[in-house]
Amino acid sequence: MTAPAGDAVGPLLELDHLRMLFPVREAGGKRAHVHAVDDVSVAVGEGETLGLVGESGCGKTTLARCAVRLLKPTAGTVRFGGHDITSLGPRSLRPYRAQMQIVFQDPQGSLNPRKRVGQIIGAGLRLAGGGRGDDGRVGRLLNQVGLAPEHANRFPHEFSGGQRQRIGVARALAVNPRLIVLDEPVSALDVSIQAQVINLLDDLQEELGLSYIFVAHDLSVVRHVSDRIAVMYLGKVVELSPAEELYNRPVHPYTLSLLAAIPVPDPRLSRSRARHAVRGELPSPIDPPGGCRYHTRCPAATDLCRQVEPPLTVYPGGHQAACHHPLNVSSADIAAAVRSPASSRSAGPDLPAAPGPSASDLRESAAR
Ligand SMILES: Nc1ncnc2c1ncn2[C@@H]1O[C@H](COP(=O)(O)OP(=O)(O)O)[C@@H](O)[C@H]1O
Ligand code: SF4
Ligand SMILES: [Mg+2]
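Since this is a predicted model, take the numbers as computed values, not measurements.

A.B. asks: Any chance you could explain the overall build of the protein chain here in plain terms?
C.D. replies: Secondary structure assignment for the protein chain yields 14 helices and 13 strands. Going through the 368 residues of the protein chain one by one, you find that 44% of them count as buried. Here the analysis covers contacts within the protein chain between residues at least 6 apart in sequence; of these, 68% occur between residues at least 24 apart.

A.B. asks: How should the site of ligand 1 be read in this particular structure?
C.D. replies: Around ligand 1 lies a shell of 13 residues, among which Phe-22, Ala-36, Lys-60, Thr-61 and Thr-62 are the nearest. The set of elements that each furnish at least two residues to the shell around ligand 1 consists of β1 (13-25), β2 (31-44) and α1 (60-67). Looking at which element gives the most residues to the shell around ligand 1, the answer is α1, with three residues. When grouped by side-chain class, the residues that make up the shell around ligand 1 number six nonpolar, six polar and one charged.

A.B. asks: When you look at helix α6 (residues 161-173) in this model, what are you seeing that I'm missing?
C.D. replies: Along an α-helix, residues three or four positions apart point the same way, because every turn accommodates 3.6 residues. In this model α6 runs 18 Å from its N-terminal to its C-terminal C-alpha over 13 residues, within 8% of the 18 Å that 1.5 Å per residue would give. By the criterion of burial, α6 is predominantly enclosed, with twelve of the 13 residues buried. Along α6, the residues that are buried comprise Gly-162, Gln-163, Arg-164, Gln-165, Arg-166, Ile-167, Gly-168, Val-169, Ala-170, Arg-171, Ala-172 and Leu-173.

A.B. asks: How should I be thinking about the sheet that holds strand β9 (residues 228-233) in this particular structure?
C.D. replies: Hydrogen bonds between backbone atoms are what pair the strands of a sheet, whose relative direction is either parallel or antiparallel. With mixed pairing, the nine strands of this open sheet are ordered in space as β6-β7-β8-β3-β9-β10-β12-β11-β13. In the strand order of this sheet, the two ends are held by β6 (100-103) and β13 (338-339), each with one partner. As paired elements, strand β11 (residues 313-315) and β13 share two bridges and run antiparallel to each other. Residue pairing for β13: Val-314 is matched across the bridge by Val-338.

A.B. asks: What should I look at first to understand the packing of α6 against helix α7 (residues 191-208) in this one?
C.D. replies: Between α6 and α7, the least distance of the axes is 10 Å, while the angle of their chain directions is 20°. It follows from the interaxial angle that α6 and α7 lie roughly parallel. In terms of crossing hand, the pair formed by α6 and α7 is right-handed. Where α6 abuts α7, its residues Gly-161, Gly-162, Gln-165, Arg-166 and Val-169 lie against Ile-193, Gln-196, Val-197 and Leu-200. In terms of residue class, the contact of α6 with α7 is built from four nonpolar, four polar and one charged.

A.B. asks: Hey, could you run me through the environment of Pro-90 in this one?
C.D. replies: Looking at the element boundaries, Pro-90 is found in helix α2 (residues 90-97). Since 8 C-beta atoms lie within 10 Å of it, Pro-90 is described here as exposed. Sequence separation of Pro-90 and Arg-69 is 21 residues, and the distance between their C-alpha atoms is 9.6 Å.

A.B. asks: Help me out: how do you make sense of the site of ligand 2 in this one?
C.D. replies: Near ligand 2, the surroundings consist of 13 residues, among which Cys-292, Cys-298, Ala-301, Cys-305 and Cys-323 are the closest. Of the residues belonging to the shell around ligand 2, the class tally is nine nonpolar, four polar and no charged.

A.B. asks: Help me understand the pairing of strand β4 (residues 75-80) in this model?
C.D. replies: Along a regular strand, successive side chains alternate from one face of the sheet to the other. Direction of pairing for β1 relative to β4: antiparallel, over a ladder of five bridges. Among the inter-strand pairings, Glu-14 is bridged to a residue of β4, identified as Arg-79. As defined by bridge partners, β4 adjoins strand β5 (residues 83-84) across two bridges and the pair is classed as antiparallel. The partner of Phe-80 across the bridge, within β5, is His-83. The turn joining β4 and β5, which pair antiparallel and follow one another in sequence, is formed by two residues; a positive phi near 55° is taken by Gly-81.

A.B. asks: Would you take a moment to explain the sheet that holds β5 for this structure?
C.D. replies: If you trace the four strands from one edge of the open sheet to the other, you get β2-β1-β4-β5, paired in antiparallel fashion. Every interior strand has two partners, whereas the edge strands, β2 and β5, have only one. Packed on one face of the sheet, α1 meets β1, β2 and β4 and runs near 120° to β1.

A.B. asks: Got a minute to help me understand the nonpolar core in this structure?
C.D. replies: The nonpolar side chains of a soluble globular protein tend to be buried, and buried together. By size, the foremost hydrophobic cluster in this structure holds 90 residues, and its most contacted members are Ala-67, Ile-213 and Val-231. Considering every element that reaches this core, the biggest residue donor is β2, with six residues. Every residue in contact with Ile-213, bar those within four places of it in the chain, is listed here: Val-44, Leu-50, Leu-52, Ala-64, Ala-67, Val-181 and Leu-182.

A.B. asks: What is the right way to read the environment of Leu-312 from this model?
C.D. replies: Position of Leu-312 relative to the elements: it lies in the loop between α12 (303-307) and β11. According to the C-beta neighbour criterion, Leu-312 is buried, with 25 such atoms within 10 Å. With 75 residues separating them in the primary sequence, Leu-312 and Val-237 have C-alpha atoms 8.4 Å apart.

A.B. asks: Honestly, helix α10 (residues 253-260) in this entry has me stumped. Any pointers?
C.D. replies: Within α10, six of the eight residues are buried, leaving the element largely enclosed by the surrounding structure. When we look at burial in α10, the residues that qualify are Pro-253, Tyr-254, Thr-255, Ser-257, Leu-258 and Leu-259. Buried residues along α10 sit in contact with β3 (49-53), α8 (219-222), β9, β10 (236-242) and α9 (243-248).

The rules behind these values
- Residues numbered from 1 in each chain as written.
- Chains lettered and ligands numbered in written order.
- Predicted model: local features only at pLDDT ≥ 70, side-chain atom pairs only at ≥ 80, totals over all residues.
- Helix = DSSP H or I, 4+ residues; strand = E, 2+ residues; numbered from the N terminus.
- Buried ≥ 20, exposed ≤ 12 C-beta atoms within 10 Å, placed from the backbone.
- Contact = placed C-beta atoms within 7 Å.
- Near = placed C-beta within 6 Å.
- Nonpolar A, V, L, I, M, F, W, Y, C, P; charged D, E, K, R; others polar.
- Expected span 1.5 Å × (residues − 1).
- Pairing = 2+ DSSP bridges.
- Axes fitted to C-alpha atoms, helices over the stretch in contact; angles between N-to-C directions.
- Parallel < 35°, antiparallel > 145°, perpendicular 65-115°, else oblique.
- Left-handed = near helix turned anticlockwise from the far one by under 90°.
- Core = buried A, V, L, I, M, F, W, Y, C linked by C-beta atoms within 7 Å.

What follows is the structure, given as structure tokens:
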């Protein structure tokens, strides 16, 4: 089956009001749902890298797995190349599988230990119709990720962590994807090796015009690789902005906390940042807090925050943030702010409106 052409105008990937609930049983046998992803809309353009950041357990992997349709979302839409793939079954999904690949955090666990590297990458080639015995292509792929063709005969355990992640990338590249989801691809690697793998991913993106979703649990890794960054908290995107804007002018208090957690060599600066560090534990996604989900940990929380969910709102600089008391924006900016429209799904700053406060609520927050 030939892959559908990406002929549609618009972003490569569009997630629209995506929701993923996992049914679970609580103590005592009571049925409940984990709200892993809750009304997320975001798009990724051709050749773009979207960084996806948030604490462990906030829903990044679930969102990533829905995006490449390893999971079928509970609600919402996944569009790839303009095609709605939300509800496609395994057969209809096959042509899209090759175009969307995922590389996992743990290269050790994601590579079959009993298969040689050549077989692992060859399996990807077969999926793409590249033929069974195409050793030349396997060798070229290994070269492309900075390994040698003779590495094809070795087993995964014979490689270092960084090299194994390169093998994972080669396996993903084998099918000529357009989008690769990198789920914490360097979190398990030494810092010195992280930079090498990130440089490789950067080079490959430039060479092949790939789109990436780059998942990380902190903001230190994604700064230089991301065009835009989406910050997730407890199943929701709370801020989305061009990467440099996010670092220079965080609008959401949670983003500020994540920035405060980035290690800096200056001990004085480090101490002054510590006061913004995120406090307490992530609440349970089974029964998330009402109003703003961050209110139980936010130093700026007010009654409004406890009662009313803040809508994602567009601010200058391409920021979108869901906060009643946004940082780094003037009162005039707040008064002029618009809720992001739910209908258009461009790859630029463009997310949905969530139910939220009235314009007067926003003005009230501007006055604080
Ligand atoms: N298959 C599942 N069944 C039940 N809960 C799940 C399942 N997968 C993930 N979760 C829960 O969903 C939430 C989000 O998980 P995940 O997407 O892995 O977060 P992250 O990647 O940000 O660490 C967590 O509370 C996790 O325990
Ligand atoms: S809405 Fe309120 S609780 Fe939520 S992040 Fe903003 S200030 Fe904090
Ligand atoms: Mg994860």
